[in-house]
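This is what each chain is made of:
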Amino acid sequence: MATTNPVQFIQQVRAEVSKVVWPTRREVLLTTVMVFVMAALTAVFFAVVDILIRFGLEGILGMFG
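A brief report on the enclosed structure follows. (Residues numbered from 1 in each chain as written. Predicted model: local features only at pLDDT ≥ 70, side-chain atom pairs only at ≥ 80, totals over all residues. Heavy atoms only, no water.)

Right, let's get into helix α1 (residues 6-18). Its 13 residues give α1 an end-to-end C-alpha distance of 18 Å, which sits within 8% of 18 Å, the value for a rise of 1.5 Å per residue. Its side-chain oxygen placed 3.2 Å from the backbone nitrogen of V7, N5 serves as the N-cap of α1. (Helix = DSSP H or I, 4+ residues; strand = E, 2+ residues; numbered from the N terminus. Expected span 1.5 Å × (residues − 1). Polar contact = N/O pair within 3.5 Å; in protein donor to acceptor, adjacent residues only side chain to side chain.)

Shown next, in the form of structure tokens:
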């Protein structure tokens, strides 16, 4: 494996970073909002599933108790 000196390494890093396509402010905002929306929908889904399981178990246990 070839070794490079620190100056060449920094130059290579700067060259690679200049190739990165950074997202716009609007893209960041939209993806952030979508993450929060999906997290909220997931939380609601699991809350409903939890409630249904609880009622089901209470019903089953109520028959035997």
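Now that the structure has been shown, we can carry on.
Next up on the list: the packing of aromatic side chains. Each aromatic ring pair is characterised by the separation of its centres together with the angle its planes make. Taken as a whole and assessed by the stated rule, the structure comprises one aromatic pair. Considering the side-chain rings of F45 and F46, the 5.2 Å spacing of their centres and the 70° angle between planes classify their relative orientation as edge-to-face. No difference in accessibility class separates F45 from F46, as the two residues are exposed. (Phe/Tyr/Trp six-rings, centres within 6.5 Å; stacked < 30°, edge-to-face > 60°. Buried < 20%, exposed > 50% of the residue type's maximum accessible area, 1.4 Å probe, protein only.)

What follows deals with a nonpolar patch on the surface. A cluster of nonpolar residues, F9, I10, V13, V17, V20 and W22, forms a patch on the protein surface that exposes about 580 Å² of accessible area. In this structure, I10 sits in helix α1. (Patch = residues over 30% accessible without salt bridge, like charges linked within 9 Å, V, L, I, M, F, W, Y side chains within 5 Å. Areas by Shrake-Rupley, 256 points an atom, 1.4 Å probe, with all protein chains shown as cover. Salt bridge = Lys/Arg side-chain N within 4 Å of Asp/Glu carboxyl O.)

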